[in-house]
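One letter stands for each residue in the lines below.
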Amino acid sequence: MNTKTTLSGLLAIQLIIIAGLWWHAQNQSNNNLPQPLLDIRWENVDKVTITSETGTVSLGLGQSKDCGEWQLLEDGLLAQSDKVNALLEKLEQLQVKWPVATNQTSHSRFEVDKKNAQRRIAIYSGENLLGEILIGSSPGLKQLHIRKGGSDQVYAVELELADIPPKTTDWLDRSLLAAKNVDRIEGANFVLVKTGDNWQLSRKGPSILINQDNSAAKNQQEIENLLSSLNKLRVTGLVKDKPDLAEGHDIKLDVTFGDNNWRYTFHEHNGQHFVQRSDRDTLFTFSKSDYEEIAQSSQLIVDSQEEQKAEDKER
């Protein structure tokens, strides 16, 4: 009886040991699997800040959360939503396994401390901080050292600094002033009105269009060029310190598309080119070639209109 009891006890001990070894092996196996760097609910993210030595860029959904349009919060301007979403997707997909360092003294060496980090990304839901990532040096091509805020572990992951540009203009939606589906354009000496698929050009009068029955056939190329310039208008940057732009040396166009009726003002000043739209105070820079296309098309429309007027008098 004692022998049976002893054998049963030994068997039970063996089973416990086997179960413990199996549990330990399973636990080790799970620990060896890649894990998400940040365990957060990404669908709740509505604000991201990117801090570098050049300053901080704040991106948020704000009131546009339902339509998914990201904004530059400090300037109230549209950001490149596709670019922001692509970055968040990359961060969500970051998987880590073996750390390259596990102690705080290594942080400065890998440039993942708060003082020397190349980028510091904070991710929010409202005012609630969901997670922070510190990005440091590069161990190889398309790789960066990275550390989760509040953790000492440093990892090497597949990521590039090019995916996380540090300047506001890098995230700005450069097409935010583009005028699409235009219905009417009024310049200093002309009015263009779209009727159906056709455009009618007239010289400006006190309150009505003059020569309304006059075809714009001779002006079609200039009109198309002007429409194309407004449609593909791209800004290149924001102007923080506005220069003294003299009146009278600018091009003003009142543009109507849909329910919007805005005045565009284009400036050339000391070799730089600026554009402003009446719905916002911000002054933007844009390219010399775009300025010249708008200036030339506007002038050609006026010139051809005067030619038409002279021909009408000769008849």
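Since the structure is predicted, the reported quantities are computational estimates derived from the model, not experimental observations.

**Q** Looking at this structure, I do not really get the side chain of H267. What am I missing?
**A** Position of H267 among the secondary structure elements: in strand 16 (residues 260–269). Among the residues examined, H267 registers a relative accessible area of 7% and is labelled buried. Discounting residues that sit within four places of it in the chain, H267 has contacts with L245, D250, Q272, H273, F274 and Y291.

**Q** When you look at the nonpolar core in this model, what are you seeing that I'm missing?
**A** The biggest cluster of nonpolar side chains holds 62 residues, and the ones touching the most others in it are L253, Y264 and F266. Once residues within four sequence positions are removed from consideration, Y264 is found in contact with L177, A178, A179, L233, I251, K252, L253, V255, F257, V275, Q276 and R277.

**Q** Help me out: how do you make sense of the pattern of salt bridges in this one?
**A** Between side chains of opposite charge, a pair can form as their charged atoms come close. Per the counting criterion, the structure on display carries eleven salt bridges. A salt bridge links D254 to R263, with the shortest nitrogen-to-oxygen separation between them at 2.8 Å. Each of the salt bridges in this network shares a partner with another, and the network as a whole consists of K232, D290 and E293.

**Q** For this particular structure, what's the right way to read the packing of aromatic side chains?
**A** For any two aromatic rings, the description comes down to two numbers: the centre-to-centre distance and the angle of the planes. Overall, the coordinates contain four aromatic pairs when judged by the stated rule. When the ring of F257 is compared with that of W262, the centres are 5.3 Å apart and the planes differ by 75°; the resulting orientation is edge-to-face. Neither F257 nor W262 differs from the other in exposure class; each is buried. Each ring, one from F286 and one from Y291, has its centre 6.3 Å from the other, and the planes form 65°; the classification is edge-to-face. As far as burial versus exposure is concerned, F286 and Y291 are alike and both buried.

**Q** How do you make sense of the sheet that holds strand 4 (residues 71–72) when you look at a structure like this?
**A** Think of a sheet as strands paired side by side through backbone hydrogen bonds, with each pair either parallel or antiparallel. The eight strands lie next to each other as 5-4-3-2-7-8-9-10, forming an open sheet whose pairing is antiparallel. Pairing within the sheet leaves two strands with one partner each, and these edge strands are strand 5 (77–78) and strand 10 (154–158). As paired strands, strand 2 (residues 47–52) and strand 3 (residues 55–60) are joined by six bridges and run antiparallel to one another. Bridge assignment links V48 to a residue of strand 3, and that residue is L59.

Thresholds applied
- Residues numbered from 1 in each chain as written.
- Predicted model: local features only at pLDDT ≥ 70, side-chain atom pairs only at ≥ 80, totals over all residues.
- Heavy atoms only, no water.
- Helix = DSSP H or I, 4+ residues; strand = E, 2+ residues; numbered from the N terminus.
- Buried < 20%, exposed > 50% of the residue type's maximum accessible area, 1.4 Å probe, protein only.
- Contact = heavy atoms within 4.5 Å.
- Core = buried A, V, L, I, M, F, W, Y, C linked by side-chain atoms within 4.5 Å.
- Salt bridge = Lys/Arg side-chain N within 4 Å of Asp/Glu carboxyl O.
- Phe/Tyr/Trp six-rings, centres within 6.5 Å; stacked < 30°, edge-to-face > 60°.
- Pairing = 2+ DSSP bridges.

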